[in-house]
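Report on the structure
Now for the letters of each chain:
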Amino acid sequence: MITSNRKPIVPDFMRPVAELEGQVEELKKLAPKNDIIINNKIARFQNQLVKLQKEIFSSLTPLQRLHLVRQSERPTTLDYIPGILDEWIELHGDRGGADDPALVGGIGKINGRNIVFIGHQRGRGTKENVARNFGMPAPGGYRKALRLMKHANRFGMPILTFIDTPGAWAGLKAEELGQGEAIAVNLREMFSFEVPIVCTIIGEGGSGGALGIGIGDSILMLEYAIYTVATPEACAAILWKNSKESLAAAEALKITSHDLKVLGIVDEILQEPLGGAQADPYTASQYLKKELTEQLDSLSKLDSQTLKKRRYEKFRRMGAFYEI
Amino acid sequence: MSLSNWPLKKENSEAYNIKNSKQITIPDGLWIKCFDCGLLMYSKVLKRNLKVCPQCSYHFQASSNERIDQLIDQGSWQPMDVHLISTDPLGFKDQKLYSQRLKDTAFKTGLQDAVQTGTGTMQGKKVCLGIMDFRFMGGSMGSVVGEKLTRLLEKATQEKLPAIILCASGGARMQEGMLSLMQMAKISSALEMHKKENLLYISVLTSPTTGGVTASFAMLGDLIIAEPKALIAFAGRRVIEQTIKEDLPDNFQSSEYLFEHGFLDLIVSRTQLRSKLIQILSLHNHSK
């Protein structure tokens, strides 16, 4: 699925694994084809390598996870869609003068059920990222999403959203066109829809830009994905007055899937293949497909009024306070 | 004095000078200089004019208590949920423990969190009113702000009352992490219920209204009113300047800028706010 053939950038914590992997490959090339002893030894190396990788991935810090999901090899919404849907058509335009490439959507079919999908779309490499605005939607993106969701609501199609953005676009034009208003209206309207909504955080869930398509009956999150109120860098700059404190900020903000499950913000954590979704995008998409199908099966048993009431109560419960 | 001591000497004398000038201007806030036009005025004059400069109509920040006095009929204010307190769900610590920061701010402001909610009458008409207070941790929105506003809107929906929220906030409260972000959703859901009953919701934007508050209930008013020259933004000006590396228009992210682009119904001076709200309420006859 990797379109360019340039060498992937390896994050620091993966470097030992990548180095050893390279060495094992070298050994394989050098080893005579039918020497059982040497081949056995190489196999043992490979096993140990897998173990090492598992160890590293089980103890990733929040900031390492953030770097992992920002890797350009990580599958994006449009990488998952063909693996998840039987057939699909991308739809365009907010009917207000724009078609935002950073937020995509369309209609499709998952296991025989018609759905509408919406997701943030990052690019790969500089050129594509500039075209996609690094997955940061303009107000028009959110209005396109709203338009598609209203379409889904009219035709009784469940809505699947895929969250993967550093945040809504912060720019002159975005302010002029009402970024705040566009997100706000989505938040309110998503509570009015009578069809099931399943949201999945597949990479980086950045603040209001993520929440703008993040109101659902089930909130799923990939194992290594993160979801945060402000990027650790911004938070460190504001609260610590020093952007170098982003490690501390990332720890303090509780942005990992496990932390958010404990806080009741995420319903399910989806397993990723060893090495993260980028190591094996196809398997990752199949895990995702299985869970989405199950969620849709159980949600579509509920009638629309129950669905809306559940959604309201789900978010109504969020918050921590005491009363004296 | 040796030459190498010279910078030291200069620093000291400067510090001395600042101290000196402070001593002159400090008779404890009795005289206030307008930040905009520099008019020097007696503090009671400013207060009598609802903290609006009589010369240039610069709007000083007003506390939630002052706002209640300015807007609601005397003696009709009935506060709600005054005893809700945040629990510091993440055990957050930056340069200071969040729990300690909460206590200190509560002590300083006499508030439990950054919003006051309640019911009151405006020229005899009952309304549900929420007023954010920027003095409490920059008016940031955490669980308590979210819960209080949600309860306020639920009450408004139940009793079929119009709701008014005065916004003054830097955005979501980072010290409560994702729970803060989810308050945007929670309040918006309560607004959806309120809207479904065909009830009126007016949001009044005061300086500053930014971030998560702008991206939720601030921009969801059936009617949106702002005070003159208020800062209203989604993203901070500095963030935008850094990304586009260009100078921004002077009035960028001000009430006037938003008005020009069609996001506000009215810009109303604080001195006119009460009468304008009363007029608007009277034009929406709610008692069916």
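In this text, all values refer to a predicted model and were calculated from it rather than measured experimentally.

With respect to the overall build of chain B
- A tally of helices and strands in chain B yields 10 helices and 10 strands.
- Once local pairs closer than 6 in sequence are excluded, the contacts in chain B between residues at least 24 apart make up 67%.
- In the form shown here, chain B has an accessible surface area of approximately 13800 Å², with 53% of it arising from carbon and sulfur atoms.

Quick word on the domain arrangement of chain A
All names here are of chain A.
- For chain A, the assigned domains are domain 1 (12–59) and domain 2 (65–317).
- In this structure, domain 1 and domain 2 have C-alpha centres spaced 36 Å apart.
- Listed by partner, the interface residues are 5 residues for domain 1 and 5 residues for domain 2.
- Summing both sides of the interface, domain 1 and domain 2 together bury roughly 500 Å²; the carbon and sulfur share of this comes to 78%.
- By the criterion of area lost to domain 2, the three top residues of domain 1 are Phe13, Gln53 and Phe57, representing 80% of everything that side buries.
- At the boundary of domain 1 with domain 2, the tally comes to 0 salt bridges.
- Of the residues assigned to the side of domain 1 that touches domain 2, the class counts are 3 nonpolar, 1 polar and 1 charged.

Some remarks on the UniProt feature "domain: CoA carboxyltransferase C-terminal" in chain A
- Residues given the UniProt feature "domain: CoA carboxyltransferase C-terminal" here are residues 44–298 of chain A.
- The span residues 44–298 of chain A is 45% helical and 19% strand by assignment, and the distance between its end C-alpha atoms comes to 44 Å.

What to know about the interface of chain B and chain A
- Of the residues lining the interface, 58 residues belong to chain B; the matching set on chain A comes to 50 residues.
- Regarding the contact of chain B and chain A, the summed buried area is about 4800 Å², with carbon and sulfur atoms giving 71% of it.
- The three residues of chain B that bury the most area against chain A are Met174, Met178 and Phe234 of chain B, which together make up 15% of that side's buried surface.
- Our count for the contact surface shared by chain B and chain A stands at 4 salt bridges.

Brief notes about the confidence of the model for chain B
- When pLDDT is averaged along chain B, the result is 87, and 89% of the positions lie at 70 or above.
- Reported confidences for the modelled complex are a pTM of 0.87 and an ipTM of 0.88.

Let's talk about the UniProt feature "binding site: Zn(2+)" in chain B
All names here are of chain B.
- In the numbering used here, UniProt assigns the "binding site: Zn(2+)" feature to Cys34, Cys37, Cys53 and Cys56. Across 23 residues, the annotated set stays spatially compact, with a maximum C-alpha separation of 8.7 Å.
- Examined against the element boundaries, Cys34 turns out to sit in the loop between strand 1 (31–33) and strand 2 (40–42).
- Residues contacting Cys34, with those up to four places away along its chain left out, are Leu39, Met41, Cys53, Cys56, Tyr58 and Phe60.
- Within the element layout of this structure, Cys53 appears in the loop between helix 2 (43–48) and helix 3 (64–71).
- Excluding anything up to four places from it in sequence, Cys53 contacts Cys34, Cys37, Leu39, Met41, Leu46, Tyr58 and Phe60.

Quick look at helix 10 (residues 270–283) of chain B
- An ideal rise of 1.5 Å per residue puts 20 Å on 14 residues; helix 10 of chain B measures up with 20 Å between its terminal C-alpha atoms.
- Listed in full, the buried residues belonging to helix 10 of chain B are Arg270, Leu273, Leu277, Ile278, Ile280 and Leu281 of chain B.

Focus on the UniProt feature "zinc finger region: C4-type" in chain B
- When the UniProt feature table is mapped to this numbering, "zinc finger region: C4-type" covers residues 34–56 of chain B.
- The span residues 34–56 of chain B is 26% helix and 13% strand, and its two end C-alpha atoms sit 9 Å from each other.

With respect to the side chain of Lys289 of chain A
- Within the fold, Lys289 of chain A resides in helix 13 (residues 281–299).
- Residues in contact with Lys289 of chain A, not counting those within four places in the same chain, are Gly83, Ile84, Asp86, Ile110 and Asn111 of chain A.

Comments concerning the packing of helix 5 (residues 143–158) of chain B against helix 6 (residues 177–196) of chain B
Residues and elements named next belong to chain B.
- The interhelical angle for the contact between helix 5 and helix 6, taken along N-to-C directions, is 5 degrees, at an axis separation of 9 Å. Classified by the angle their axes make, helix 5 and helix 6 are roughly parallel. Two secondary-structure elements touch here, helix 5 through Ser143, Gly146, Glu147, Leu149, Thr150, Leu153, Ala156 and Thr157 and helix 6 through Leu179, Gln183, Lys186, Ile187, Ala190, Leu191, Met193 and His194.
- Taken together, the residues of the contact of helix 5 with helix 6 sort by class into 8 nonpolar, 6 polar and 2 charged.

Rules of the game
- Residues numbered from 1 in each chain as written.
- Chains lettered and ligands numbered in written order.
- Predicted model: local features only at pLDDT ≥ 70, side-chain atom pairs only at ≥ 80, totals over all residues.
- Heavy atoms only, no water.
- Helix = DSSP H or I, 4+ residues; strand = E, 2+ residues; numbered from the N terminus.
- Contact = heavy atoms within 4.5 Å.
- Areas by Shrake-Rupley, 256 points an atom, 1.4 Å probe, with all protein chains shown as cover.
- Domains from an automatic or database assignment.
- Buried area = accessible area lost by both parts, 1.4 Å probe.
- Salt bridge = Lys/Arg side-chain N within 4 Å of Asp/Glu carboxyl O.
- Nonpolar A, V, L, I, M, F, W, Y, C, P; charged D, E, K, R; others polar.
- UniProt positions renumbered as here; feature names shortened; annotations may be inferred.
- pLDDT = per-residue confidence, 0-100.
- Expected span 1.5 Å × (residues − 1).
- Buried < 20%, exposed > 50% of the residue type's maximum accessible area, 1.4 Å probe, protein only.
- Axes fitted to C-alpha atoms, helices over the stretch in contact; angles between N-to-C directions.
- Parallel < 35°, antiparallel > 145°, perpendicular 65-115°, else oblique.

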